[in-house]
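Below are the chains, spelled out letter by letter.
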Amino acid sequence: MKMMRYLKYTLLCFFFLQIALTAIGQTKYFPPRNQWEEKTPREAKMNADQLGKAVQFALDNEYSGDRDLKIAILKGFAREPYHYIAGPVKERGGPAGVVIRNGYVVAKWGDLDRVEMTFSVTKSYLSTMAGLAYDRGLIANTDDKVGKYVWDGTFQGRHNSKVSWDHLLTQSSDWSGELFGMKDWADRPPREGGIVDWKDRDLREPGTVFEYNDVRVNVLSYSLLQVWRKPLPVVLKEQLMDRIDASSTWRWFGYDHAWVNVDGQKVQSVTGGGHSGGGVFINTLDHARFGLLFLNDGQWNGQQLISKKWIDKAVTSSVANERYGYMWWLNKGQNVWKGFSEEVYYAAGFGGNFIVVDKEHDLVVVTRWLEPSKLQEFMELLGTAIK
C-alpha cells in the first residue's frame, strides 16, 4: 500500500510539474503566422536614441558587393580554380534587419518580407537537420564514423574512413574527394602554391584543423539525405518551419545537377551555402523565427521542437576552433563583442547575412547585407541601447 501511495504521489507531482512548465512556456510570446507584435524601445527596456543609431549604422554600411549576386559571387571567389555558378542565384535588395527583444519586434529596417539568398547562414539550418536526426536516434552519436551510415564509397579509404559526424559539423574533417564535380581542394584554396600543391597536399588528421570548405559541407548535406531518406527541405518544413509558423516563401536549393537516387526517387541534395549558387532563400522575419527558436532552447509555444541537449552541443567550442561549434559562430576568443557575453552565438553568411542569438539579453538580431567587417561595431552600438 505504501508503495502504491508513493507511486501515485510521484505521478501527481510529475503531472503538476508538467502543467507548471507548460504554463511558464506559454507566458512567453511566440508570434503567430503572418503576425509579429511590436513593442516600443521603452517597453523593451532599450534606449530609443541608441537603438536608432544602430539601425542607421546598418543602413549606412551596406555590403559593398554588387547587388547582382552573380557578379558578386564570381568576384568574391575568383581565386578558386574551376569555380562556376551551379545553382540558383537571386539579385539582392538593400539593407534590412530586425531586432527582437523578449520575443517582440523593437526595431526594423528595410524590406522584411523580401526573400533573399542567405549563403552560409544555410549551414546553421543544415546542422539543425543533423540535430533533428540526432534527437530521433537516426544518428546515435556524433562521434560515430559517417561511413557507418553512408556506405556508398563516399567515406572509403584510409583518411575519409576516419571522418565522424562531429568532424563534418565542426568543419575539421579534411575530407578529400569530389562531390557533384566539385573538388574539395579547389574550394577556398590557400594563398600560397598552385593547383599541383593543393591537390597533393598532406591531409590533416580529422578533428585537428578547422578549414571552411563548402564541398565538405555539401558532403554533410548529402550524408544527412542518406540518413533521412527524404529531401532535407521537406524535413526542415515539416519538423521546424511549419511548426514555428514561418511563411511559405522560403526555399532551399541545391546545384542544378545534384540529383541522387533515394529509394527509387530522384531527390536533390541541397547545398550548405551559396557561393556556387543555391542554399536557403528566405525573408528576414523567417530568419528571426528560427533565431527565436534557438533563443528559447528549441522550445516553441509549449512544444520542444529540437532538444536543448543538441543546441548546447551545437554552440560548444570545437577542438579545432574555439569560435566555431556545429556550424554556428561563437562570440569567443580575442575579439569578444563589448557588452556581450561569450554565450552569444550567430549564423553568418556572405554579404553580411547574420542571425545573432543572445540569451543574456533575450535578444535575436537579423541583418541582411551589412558590410561583414562591420558586424562587431554594429552589435557593440546596439549593446549601448540595452538597459
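Please refer to the structure placed before this passage.
A brief look at the structure comes next. (Residues numbered from 1 in each chain as written. Predicted model: local features only at pLDDT ≥ 70, side-chain atom pairs only at ≥ 80, totals over all residues. Heavy atoms only, no water.)

Take the sheet that holds strand β13 (residues 353–358) next. In space, the six strands of this open sheet follow the order β2-β1-β14-β13-β12-β11, with antiparallel pairing throughout. Looking at strand neighbours, the two that pair on one side only are β2 (104–109) and β11 (329–330), the edges of this open sheet. (Pairing = 2+ DSSP bridges. Helix = DSSP H or I, 4+ residues; strand = E, 2+ residues; numbered from the N terminus.)

If you trace the four strands from one edge of the open sheet to the other, you get β3-β8-β6-β7, paired in antiparallel fashion. A strand with exactly one partner marks an edge of an open sheet, and here the two such strands are β3 (116–117) and β7 (265–270). Note that strand β6 (residues 251–262) and strand β8 (residues 279–282) share three bridges and pair antiparallel. Bridging across to β8, R251 finds its partner in F281. Its contacts with the sheet put helix α4 (residues 121–135) on β6 and β8, and the angle it makes with β8 is roughly 110°. Set on the sheet, helix α7 (residues 214–228) makes contact with β6 and β7; between it and β7 the angle comes to about 145°. (Contact = heavy atoms within 4.5 Å. Axes fitted to C-alpha atoms, helices over the stretch in contact; angles between N-to-C directions.)

Counting 110 residues, the largest nonpolar core has Y125, L224, W252, F378, M379 and L382 as its most contacted members. At nine residues, α7 tops the list of elements feeding residues into this core. If you look at the next biggest cluster of nonpolar residues, it comprises eleven residues, including L69, F77, F281 and F350. (Core = buried A, V, L, I, M, F, W, Y, C linked by side-chain atoms within 4.5 Å. Buried < 20%, exposed > 50% of the residue type's maximum accessible area, 1.4 Å probe, protein only.)

Between α4 and α7, whose axes approach to 10 Å, the crossing angle comes to 30°. Where α4 crosses over α7, the two elements pack in a sense that is left-handed. Contact residues: α4 offers K123, L126, M129, A130, L132 and A133, while α7 offers D214, V217, L220, S221, L224, V227 and W228. (Left-handed = near helix turned anticlockwise from the far one by under 90°.)

This paragraph deals with the packing of aromatic side chains. In total, this model carries 26 aromatic pairs according to the counting rule given. For the pair F210 and W329, a centre-to-centre distance of 5.9 Å together with 75° between the ring planes defines the contact as edge-to-face. With F210 in the loop between α6 (195–199) and α7 and W329 in strand β11, the pair connects residues that are 119 residues apart, well separated along the chain. The class of W329 is buried, set by a relative accessible area of 17%. On the basis of an interplanar angle of 45° and a centroid distance of 4.9 Å, the ring pair of F294 and W328 is categorised as tilted. Within this pair, whereas F294 is found in helix α9 (residues 284–295), its partner W328 is found in the loop between α10 (308–314) and β11, the two being separated by 34 residues in sequence. Take F294 and W328: they sit in the same class, and that class is buried. Within the aromatic cluster, the residues linked to one another by ring pairs are Y63, F77, F119, F350 and W369. In this arrangement the basic side chain of K39 is found over the ring face of Y104, its NZ or CZ atom lying 4.7 Å from the centre. A cation sits over an aromatic face here: K266 above W259, 5.6 Å from the ring centre. (Phe/Tyr/Trp six-rings, centres within 6.5 Å; stacked < 30°, edge-to-face > 60°. Lys NZ or Arg CZ within 6 Å of the ring centre and 35° of its normal.)

What follows is about the pattern of salt bridges. If you walk through the whole model with that rule in mind, you get 24 salt bridges. The partner of R216 in a salt bridge is D184, and the shortest N-O contact between them spans 2.9 Å. Taken together, the positions of R216 in helix α7 and D184 in the loop between β5 (182–183) and α6 put the pair 32 residues apart, joining distant regions of the chain. With a relative accessible area of 2%, D184 lands in the buried category. R188 serves as the salt-bridge partner of D187, at 2.9 Å between the closest nitrogen and oxygen. With a relative accessible area of 4%, D187 lands in the buried category. One network of salt bridges, with partners in common, ties together D174, D184, R201, R204, E211 and R216. (Salt bridge = Lys/Arg side-chain N within 4 Å of Asp/Glu carboxyl O.)

Looking now at the side chain of T271. Examined against the element boundaries, T271 turns out to sit in the loop between β7 and β8. Polar contacts involving the side chain of T271 include one to the main-chain amide nitrogen of G279, which spans 2.8 Å. Beyond its immediate sequence surroundings of up to four residues, T271 is in contact with T122, N218, W252, F253, G254, Y255, G277, G278 and G279. (Polar contact = N/O pair within 3.5 Å; in protein donor to acceptor, adjacent residues only side chain to side chain.)

Structurally, N283 is set in the loop between β8 and α9. Judged by relative accessible area, N283 falls into the buried class, the value being 4%. Polar side-chain contacts of N283 include one of 3.0 Å to the backbone nitrogen of L285. Other than its neighbours up to four places away in sequence, N283 contacts L112, D113, R114, V115, S247, T249 and R368.

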